[in-house]
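# Chains, contacts and geometry: an overview
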Amino acid sequence: MNKSLFGILIIAISAFTFSSFTDDAEADRLIGIWEPSHGKAKIKIEKIGSKYYGKIVWLREPTDPETGAPKVDKNNPDESMRSTPLRGYRILKDFEYTDKDEWSEGTIYDPENGSTYNCIIKMSDENTLDIRGYIGIQTLGRTDVWKRLKMPSKKKKK
Amino acid sequence: MMAKYFRLGFILLAFGLILTACGKTEEHEATISVKASGNGPFFAGPNSLMANYTVDLASLIEGQSFTAADIKKVGVKAVNVSIPTTDSIGLDSFNNVGVQLVSDNAPMTNIAILNPINTEGTAVVLNSSAEVDIADFFKQESFTILVDWDFKEDSWRANLNSNVELQLNFKIKK
């Protein structure tokens, strides 16, 4: 009797552990470098604690033509933070994996107008994200398609 | 007669609400010091160092006893970041540095930036946000302090540490 109870306990613990691992692996598919449809930037999504954040790691035009210096967050509503560089800026914040290829509870920041929007991320396939920014309710928003940046494959030497 | 009682009741209720809203608050300063660390290699661009901070309200402000519910606002007065003087790396290795707070139950918050770093040596005072309120972080058991160093070049060192000091201004309900 005791042996069978012990067996059930072991199976239950193993199942729970396996399910946690698979949940984490599923959620971590968001991690990587992504390119928005406008092609002006590349965003690296990483995990900090239990949530996901995306920072600008590449800009097509890294220099501000007016100043000749690297671009900064000049539209930030908080004036004291306007010297924050855009390269490295976390525009995606606080995303949590909900279920079924979807990350929510986060925000997206648009440096071009200094506005922050609610945001939901859906993975339509392993290399495509539908990023929907909205105000209030999801129907009042706009969706952009981001593509995963693939590392160039190494060519074999002949 | 009934209308008179209603009016009196309404006036008393409004007076009570005004008294509650005008509850006395006190301002106190507190300093938090942590060591943030990160593992290399570090590539050119921003690289994050992290420190976990456990909230202990009992020891935060000397002689003051308060609970998380008593905290009305926490502003950032100053943020100082330094590299241990024993380290071979200096501030001239970085373009800029920023500090952010992260936690499971509060949105990530930028609290300070210094861009560019126009100084040599090992310690800098960042420009802290004048508007930010980080009270929500002190209503949790712990949070993470994130230091983003923007490396000028790739660095193949194994790790990097930084000392971070946050000077904070607490508004507490009394």
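Let me begin by describing the structure that accompanies this report. Given the structure is predicted, the values throughout are model-derived calculations rather than measurements. (Residues numbered from 1 in each chain as written. Chains lettered and ligands numbered in written order. Predicted model: local features only at pLDDT ≥ 70, side-chain atom pairs only at ≥ 80, totals over all residues. Heavy atoms only, no water.)

## What about the sheet that holds strand E8 (residues 141–148) of chain A?
Residues and elements named next belong to chain A. Stated formally: Note: two strands are recorded as paired if DSSP finds a minimum of 2 bridges between them. Working definition: helices are DSSP H or I runs of at least four residues, strands are E runs of at least two. Numbering for both runs from the N terminus. Here the axes come from fitting lines to C-alpha atoms, over the contacting stretch only for helices, and the angles between their N-to-C directions go from 0 to 180 degrees.
Pairing is antiparallel around the closed barrel formed by eight strands, whose spatial order is E1-E2-E3-E4-E5-E6-E7-E8. Neighbouring strand axes in the sheet, compared pairwise and without regard to direction, differ in orientation by 35 degrees on average. The pairing of strand E7 (residues 128–134) with E8 spans seven bridges and is classified as antiparallel. Directly across from Asp130, in E8, lies its bridge partner Val145.

## Some points on the interface of chain B and chain A
We apply this condition: By definition in these notes, contact holds between two residues if any of their heavy atoms fall within 4.5 Å. Any carboxyl oxygen of Asp or Glu that lies within 4 Å of a side-chain nitrogen of Lys or Arg is treated as forming a salt bridge with it. Under the rule applied, a polar contact is a pair of N or O atoms within 3.5 Å (in protein, one hydrogen donor and one hydrogen acceptor; residues adjacent in sequence only if both atoms are side-chain atoms).
At the interface, 27 residues of chain B touch 21 residues of chain A. Viewed at the interface, chain A and chain B are joined by two salt bridges. Linking Arg87 of chain A and Asp150 of chain B is a salt bridge whose minimum nitrogen-to-oxygen distance equals 3.2 Å. Across the chain B-chain A interface, the total number found is 11 residue pairs in polar contact (both at pLDDT 80 or more). Where the side of chain B that touches chain A is concerned, the elements lending two or more residues are strand E2 (45–54), strand E4 (94–102), strand E5 (109–114), strand E6 (123–128) and strand E7 (142–151) of chain B.

## Thoughts on a negative patch on the surface
Residue and element names in this part refer to chain A. Put simply, the rule is: Within the patch definition used here, like charges are joined within 9 Å and nonpolar side chains (Val, Leu, Ile, Met, Phe, Trp, Tyr) within 5 Å, considering only residues with over 30% relative accessible area and no salt bridge. Here the Shrake-Rupley method, with its probe set to 1.4 Å, supplies the accessible areas, and only the displayed protein chains count as covering residues. When charges are tallied, Lys and Arg are placed among the positive residues and Asp and Glu among the negative ones, while His and the ends of the chain are skipped. Note that the charge is assigned to NZ on lysines, CZ on arginines, CG on aspartates and CD on glutamates.
Judged by side-chain charge, Asp23, Asp24, Glu26 and Asp99 come together as a negatively charged surface patch. A per-element tally of the negative patch places helix H1 (residues 2–27) first, with three residues. Of note, Glu26 is situated in helix H1.

## Quick word on the environment of Ile71 of chain B
Residues and elements named next belong to chain B. Which entries qualify depends on this criterion: Whether a residue is buried, partly exposed or exposed follows from its accessible area with a 1.4 Å probe, protein chains only, as a fraction of its type maximum: under 20%, in between, or over 50%, in that order.
By the secondary structure assignment, Ile71 is in strand E3 (residues 71–82). Classification of Ile71 as buried rests on a relative accessible area of 2%. C-alpha of Ile71 to C-alpha of Glu26: the two residues are 45 residues apart in sequence and 9.9 Å apart in space. The residues contacting Ile71, other than those within four sequence positions of it, are Leu57, Phe66, Ala135, Phe138, Lys139, Phe170 and Lys171.

Function cannot be inferred from these measures alone, as they are strictly geometric.
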